[in-house]
Amino acid sequence: QVQLVESGGGLVQPGGSLRLSCAVSGSIFRLYAMGWYRQAPGKTREVVARIDSGGSTNYADSVKGRFTISRDNTKGTLYLQMNSLKPEDTAVYYCKQERVGLSGYWGQGTQVTVSS
């Protein structure tokens, strides 16, 4: 079975940095597009960044210039480097592996809290 496990979340001060990781098992990782999503209390889940199987990336306007999504196909791991963090970045962050015609697979989420 496909499993995704996020790690790297925590409490950081505004302006700080954090790197999230998502370890994927049970699939041929390099074949699939991946994404990072986040959801804050009382808000809908939103896409933060996506990366396709060829390495092309897309970012939400709110994180452009601050976040970088990347993938290491030899390790089967997805990353999100987050710099210049703001309080409004506080949310549970989820990674997702996409499947054409299906719902895809989600990780359990990792909490990111940006506060002084």
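The rules behind these values
- Here the residue numbering is sequential within each chain, running from 1 through the sequence in written order.
- Reporting in this predicted model follows two pLDDT cut-offs: at least 70 for local features of residues, and 80 or more for side-chain atom pairs to be given and counted; totals over whole chains, interfaces and linings ignore these cut-offs and use all residues.
- Hydrogens and waters are ignored; side-chain quantities use all the structure's heavy atoms.
- Here, the term disulfide refers to a pair of cysteine sulfur atoms separated by no more than 2.5 Å.
- Helical segments are the DSSP runs of H or I of at least four residues, strand segments are the runs of E of at least two, and each set is numbered from the N terminus.
- For every residue, the accessible area (1.4 Å probe, protein chains only) is compared with the maximum for its type, and the residue is labelled buried under 20%, exposed over 50%, or partly exposed between those bounds.
- A strand pair is defined by DSSP finding two or more bridges across the two strands.
- Between the N-to-C directions of two axes lies an angle of 0 to 180 degrees, each axis being a line fitted to C-alpha atoms and, for a helix, fitted only over the stretch in contact.
- Residue contacts are counted whenever heavy atoms from the two residues lie within 4.5 Å of one another.
- Whenever two N or O atoms come within 3.5 Å, that pair is a polar contact, provided that in protein one can donate a hydrogen and the other can accept it, and provided that, for residues adjacent in sequence, both atoms are side-chain atoms.

J.: For this particular structure, what's the right way to read the state of the cysteines?
T.: Chemically, a disulfide is nothing more than a covalent bond linking the sulfur atoms of two cysteines. Tallying each qualifying case throughout the model produces 1 disulfide. The disulfide partner of C22 is C95, and the gap between their sulfur atoms is 2.0 Å. Around the S-S axis, the bridge from C22 to C95 shows a dihedral of about 55° and counts as right-handed. Separated by 73 residues along the polypeptide, C22 in strand 3 (residues 18–25) and C95 in strand 9 (residues 91–97) bring together distant segments of the chain. The same class applies to C22 as to C95, namely buried.

J.: I keep staring at the sheet that holds strand 8 (residues 77–82) and nothing clicks. Help me out?
T.: Two strands in a sheet stick together by hydrogen bonds in their backbones, pointing the same way (parallel) or opposite ways (antiparallel). In space, the 4 strands of this open sheet follow the order 1-3-8-7, with antiparallel pairing throughout. Each edge of the sheet is formed by a strand with only one pairing partner; in this case those strands are strand 1 (3–7) and strand 7 (67–72). When strand polarity is set aside, the average angle formed by the axes of neighbouring strands in this sheet is 15°. Taken together, the 6 bridges between strand 3 and strand 8 define a ladder with antiparallel strand orientation. Within strand 8, the position partnered with L18 by the bridge is M82.

J.: How should the environment of T113 be read in this particular structure?
T.: For T113, the position within the fold is in strand 11 (residues 110–114). Judged by relative accessible area, which is 26%, T113 ranks as partly exposed. Those residues in contact with T113 that sit more than four places away from it in its chain are G10, L11, V12 and T90. A distance of 3.3 Å separates the side chain of T113 from the side chain of Q111, its partner in a polar contact.

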